[in-house]
Amino acid sequence: MEKEKKCGVANCKRKYYAKGHCFLHYSQVRRNGRVYSRTRYDKNKVIHRDNYCVLVLYSGYKEPVEVARVKIDKEDLAKVSEHKWCLHQKNKKCTRIVTHERGTNKLLLLHNIIFNSASGKIRVSFTNGDKLDFRKRNLTIK
Ligand SMILES: [Zn+2]
């Protein structure tokens, strides 16, 4: 009896495809010559601190690299982690934490999710000046 083939990447539970890998890892090896530890489809990593959570943001088309860490209140983690968040930097002054709404591809801003803004148009200022600190005590609606 032939043993069921598995993807050769540790902890990968995807279906076997070819050359010792699942389709995703097979494609990575074919395109890039190696397997990456993260893909752009993976969710943000979450680090749990005593009183808040840290959301790790990545960028990069091939191997995602960490670009920022965002603080959020623990109570907001459930709704925030429904989305994949990215750093959107137009220039030095304008840093936004964004995601794309599933289906519509509309750009959503993190503070609008945190404040449950249906219009998605509220603006906030950051009390302590840290624009990556999205804990509500640091945010004031303008
Ligand atoms: Zn795999």
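For the structure itself, look to the data block above.
Everything in this summary refers to the structure shown in the same document. Small disclaimer: the values here were computed from a predicted structure and weren't measured.

**Observations concerning the overall build of the protein**
Check the secondary structure of the protein and you find three helices and ten strands. Going residue by residue from the N terminus, the α and β elements of the protein occur as β-β-α-β-β-β-α-β-β-β-α-β-β. A compact globule built from 142 residues would reach a C-alpha radius of gyration of about 14 Å, whereas the protein, at 19 Å, exceeds it by more than 25%. In terms of overall dimensions, the protein has C-alpha extents of about 65 × 35 × 25 Å along its principal axes.

**Thoughts on the sheet that holds strand β3 (residues 45–48)**
Spatially, the three strands line up as an open sheet ordered β3-β4-β5, and their pairing is antiparallel. Because the sheet does not close on itself, it has two edges, and the strands there are β3 and β5 (65–73). Here the average twist between neighbouring strands, direction ignored, is 25 degrees. As defined by bridge partners, β3 adjoins strand β4 (residues 52–59) across four bridges and the pair is classed as antiparallel. Bridge pairing in β4 places V46 opposite L55.

**Regarding the sheet that holds strand β6 (residues 86–89)**
Read across the sheet, three strands follow the order β6-β7-β8 without closing on themselves; strand pairing throughout is antiparallel. Single-partner strands in this sheet number two, and they are β6 and β8 (107–109). Adjacent strand axes in the sheet meet at a mean angle of 50 degrees when their direction is disregarded. Pairing geometry for β6 and strand β7 (residues 95–100), over four bridges, is antiparallel. Each residue of the ladder has a partner; that of L87, found in β7, is I97.

**Digging into the environment of Y17**
Tracing the sequence through the fold places Y17 in strand β1 (residues 16–18). The exposure class assigned to Y17 is partly exposed, which follows from the 15 C-beta atoms found within 10 Å. Residues in contact with Y17, not counting those within four places in the same chain, are C22, F23 and Y26.

**Observations concerning unusual backbone geometry**
Phi at N11 takes a positive value of approximately 65 degrees, unusual for a residue other than glycine. Looking at the secondary structure, you find N11 in the segment before β1.

**As for the environment of D50**
In this fold, D50 is placed in the loop between β3 and β4. Here D50 falls in the exposed class, since 5 other C-beta atoms lie within 10 Å of it. For the pair D50 and K74, spaced 24 residues apart in sequence, the C-alpha separation works out to 9.2 Å.

**Some remarks on the nonpolar core**
L55, V70, I72 and L110 are the most contacted members of the largest nonpolar core, which has 14 residues in total. Of all the secondary structure elements, the ones that give two or more residues to this core are β4, β5 and α3 (110–114). Residues contacting I72, with those up to four places away along its chain left out, are Y52, C53, L55, L77, V80, F134 and R135.

Thresholds, definitions, all that
Every chain's residues receive numbers from 1 upward, in the order its sequence appears when written. Thresholds applied to this predicted model are a pLDDT of at least 70 for local features of residues and 80 or more for the giving and counting of side-chain atom pairs; totals over whole chains, interfaces and linings are not thresholded and use all residues. In this description a helix means any DSSP run of H or I spanning at least four residues, a strand means any run of E spanning at least two, and both kinds are numbered starting from the N terminus. The atom set for the radius of gyration is the C-alpha atoms, and the globule formula is 2.2 Å times the number of residues raised to the power 0.38. Here, a strand pair is defined by DSSP locating no fewer than two bridges between the strands. Axis definition: a line fitted to C-alpha atoms, over the contacting stretch in the case of helices. Angles run 0 to 180 degrees between N-to-C directions. Three exposure classes are used, all based on how many other C-beta atoms lie within 10 Å of a residue's own C-beta (placed from the backbone): buried at 20 or more, exposed at 12 or fewer, and partly exposed between those limits. Two residues qualify as a contact pair if the distance between their C-beta atoms, derived from the backbone, is within 7 Å. As used throughout, a nonpolar core is a set of buried Ala, Val, Leu, Ile, Met, Phe, Trp, Tyr and Cys residues joined through C-beta atoms within 7 Å of each other.

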